[in-house]
Amino acid sequence: MEAREQWRSSLGFMLAAAGSAVGLGNLWGFPYTASQGGGAAFLLLYVLVVLVVCLPVLVAEMVLGRSTESSPLIAPIKIGGRLWQPMGWIFVIASCGILAFYAVVMGWTADTFFHSLFLGLPKPEEAGAFVTSLSTGSSVFLGQLLSLVLTAVVVSAGVRGGIEKLAKWSMPLLFGLIVILSIWAATLPGAWAGYKEFLLDWNLDELFNPKTIRLAFGQAFFSLSLGIGIMVAYASYSNKKSQLPKEALVISGMDTIVGILAGMITFPIVMTFLGQGEIQKSFVQTLFISLPTGLNSLGLTGQIVAVLFFGLAFIAALTSAVSLLEVPVSSLIDRFGWNRNQAVIFSTSLIFLIGIPAALSDKILEDMDTYTKLFLQLGGFLICILMGWFSTRKYDEDLAGCNSKIRVRRYLKFMLRWVSPIAIGVGLYVSVFDLVKPAVT
Ligand code: PFF
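To keep things clear, this report deals only with the structure shown in the data block.

Definitions and limits used
Residues numbered from 1 in each chain as written. Predicted model: local features only at pLDDT ≥ 70, side-chain atom pairs only at ≥ 80, totals over all residues. Heavy atoms only, no water. Helix = DSSP H or I, 4+ residues; strand = E, 2+ residues; numbered from the N terminus. Rg over C-alpha atoms; globule rule 2.2 N^0.38 Å. Buried < 20%, exposed > 50% of the residue type's maximum accessible area, 1.4 Å probe, protein only. Contact = heavy atoms within 4.5 Å. Areas by Shrake-Rupley, 256 points an atom, 1.4 Å probe, with all protein chains shown as cover. Lys, Arg positive; Asp, Glu negative; His and termini not counted. Charge placed at Lys NZ, Arg CZ, Asp CG, Glu CD. Axes fitted to C-alpha atoms, helices over the stretch in contact; angles between N-to-C directions. Parallel < 35°, antiparallel > 145°, perpendicular 65-115°, else oblique. Nonpolar A, V, L, I, M, F, W, Y, C, P; charged D, E, K, R; others polar. Salt bridge = Lys/Arg side-chain N within 4 Å of Asp/Glu carboxyl O. Phe/Tyr/Trp six-rings, centres within 6.5 Å; stacked < 30°, edge-to-face > 60°. Lys NZ or Arg CZ within 6 Å of the ring centre and 35° of its normal. Left-handed = near helix turned anticlockwise from the far one by under 90°. Near = heavy atom within 4 Å. Polar contact = N/O pair within 3.5 Å; in protein donor to acceptor, adjacent residues only side chain to side chain.

Along its length, the protein chain carries 18 helices and zero strands. In summary, the protein chain has a C-alpha radius of gyration of 21 Å against a globular reference of 22 Å for 441 residues, a match within 12%. Dimensions of the protein chain, computed from C-alpha atoms along their principal axes, come out at roughly 60 × 50 × 45 Å. A buried classification covers 61% of the 441 residues belonging to the protein chain. Once local pairs closer than 6 in sequence are excluded, the contacts in the protein chain between residues at least 24 apart make up 86%. Carbon and sulfur atoms provide 68% of the accessible area of the protein chain, an area that totals close to 17000 Å². Distance between charge centroids for the protein chain: 12 Å, based on 29 positive and 25 negative side chains.

This is the structure in structure tokens:
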């Protein structure tokens, strides 16, 4: 057995975890989801779910990884016994399922990047042809394959040499770019209308709308990469001294800020160049059509912004994809004693095959996105039960060992036992209700 790798530094771990969290879910999913009706109510619910429900689960997921020093497949068994084996499988299956369609969207991102760079941006009347070329034909498979191969290369280079290195240069670049782009977007004539639509459009009824609740829970878990074992895998390479509560707060804070900034880029652009209806049109529409077509009217500046935005989105997606692949890879290494390369090749090939239906149909892709989000919440719920109720001693010992404040620990444990599982249970119930409702009525 090779010795278990460790992150070079706690900053490296934090950047890698933030790299997992910040991705297409923020840059594309967040503005799209926010535009589905909830407005400010969605945003408020989202932030509440992150701070109140997700944060304790994030810490618990990290403790699960660090205290067992095991992969997501094995960690639940080590801590709770054989009965908890299905939880590990849920993690592995969900991460493969998500990466399968995520890689397709990464492919569209790469395609839009190259299109913006070499061919320029589509005019409004060319939008239809642009969408067709983006989401159909062989270029989709090429993009999906390219994305998975790049992901595989980083993961096979290992925790320090691949994942940490990539996160260390790409995350600061990403933050810099996103801040610059949001400042630029603030200067557009439609900026205020965009903010109003996205941040300030308040309707109390939306707070109780099942769809808004489902979208807020799903988006929060997806965006934080929570409930799927990623943080188990990453924290298992982490040092016993690092203060997980603090790190979890930084990671979720960065992720939320990037999501909001992404909205502050997208909404002004769409409002300035295209108008309100445009952003809600479809899943693909929001980012991959509205943005390039809108930017086309700015000439060279628009082209530069598009190249920066889609380049940035691809790098953000890569650091997330890498974390998704690490779940099956570390599990195969742990469970069957395979070497890293074998595990990477096997997992990547399988994920490519699972992703083919999503590459062929936007509808299947959208369904995969909707339903896998339920898995994340189920995973989060199980983590609350395992760490909050079955393994409280291990949980307490691990957090006490890293000198986190007793007040913080008490708060987190209370939330983990009483608030998060109940809230996730309600969220899951409402989400399933919202999804089956159209079929029933
Ligand atoms: N959190 C990443 C994003 O927002 O794009 C991607 C992701 C990773 C989503 C892991 C879901 C997940 F379970």
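After that view of the structure, there is still more to cover.
Interhelical geometry of helix α10 (residues 210-223) versus helix α16 (residues 362-390) gives an angle of 75 degrees and a closest axis separation of 9 Å. Between α10 and α16, the angle falls in the class roughly perpendicular. For the pair formed by α10 and α16, the contact residues are R214, F217, G218, Q219, F221 and F222 on the first element and D369, T370, K373, L376, Q377 and G380 on the second. In terms of residue class, the contact of α10 with α16 is built from four nonpolar, five polar and three charged.

This part is about the pattern of salt bridges. Counted according to the given criterion, the structure contains ten salt bridges. In this structure, D398 engages R66 in a salt bridge whose closest nitrogen and oxygen atoms are separated by 2.8 Å. Of this pair, D398 sits in helix α17 (residues 392-401) while R66 sits in helix α3 (residues 39-68), placing them 332 residues apart in sequence. Given the relative accessible area of 8%, D398 is considered buried. Among the ionic pairs, K437 bridges to D434, the shortest N-O distance being 3.3 Å.

This part is about the packing of aromatic side chains. Aromatic rings in a pair are described by how distant their centres are and how their planes are angled relative to each other. Following the criterion strictly, the structure yields 18 aromatic pairs and no others. Judged by centre distance (5.4 Å) and plane angle (80 degrees), the ring pair of F309 and F310 falls under edge-to-face. Here a set of aromatic residues connected by ring pairs shows up, and it is made of W28, W108, F288, F309 and F310. The ring of F222 carries K373 above its face, with NZ or CZ at 4.9 Å from the centroid.

Moving on, we come to the packing of α3 against α16. Packing of α3 against α16 brings their axes to within 9 Å, and their N-to-C directions diverge by 65 degrees. One way to sum up the angle between α3 and α16 is to call them roughly perpendicular. Like other packed secondary-structure pairs, α3 and α16 cross with a definite hand, here left-handed. Contacts from V57, A60, E61, V63 and L64 in α3 reach G380, I383, C384, L386 and M387 in α16. For the contact of α3 with α16, the residue count by class is eight nonpolar, one polar and one charged.

Quick look at the site of the ligand now. Taken together, the neighbourhood of the ligand is formed by 16 residues, with A21, G25, Y102, F222 and S225 sitting nearest. A distance of 3.0 Å is found between a nitrogen atom of the ligand and a side-chain nitrogen or oxygen belonging to S225. For the ligand, whose unbound accessible area comes to 340 Å², protein coverage reaches 100%. Residue assignment for the shell around the ligand shows that the elements contributing at least two residues are α1 (10-21), α2 (24-34), α5 (85-119), α10 and α14 (300-336). With three residues, α2 is the single largest residue contributor to the shell around the ligand. Of the residues assigned to the shell around the ligand, the class counts are nine nonpolar, seven polar and no charged.

Turning to its location among the elements, E69 is positioned in the loop between α3 and α4 (75-80). The exposure class of E69 is partly exposed, given its relative accessible area of 37%. Along the primary structure E69 and S170 are separated by 101 residues, whereas in three dimensions their C-alpha atoms are 27 Å apart. Apart from residues lying up to four places away in sequence, E69 is in contact with R4, S236 and K240.

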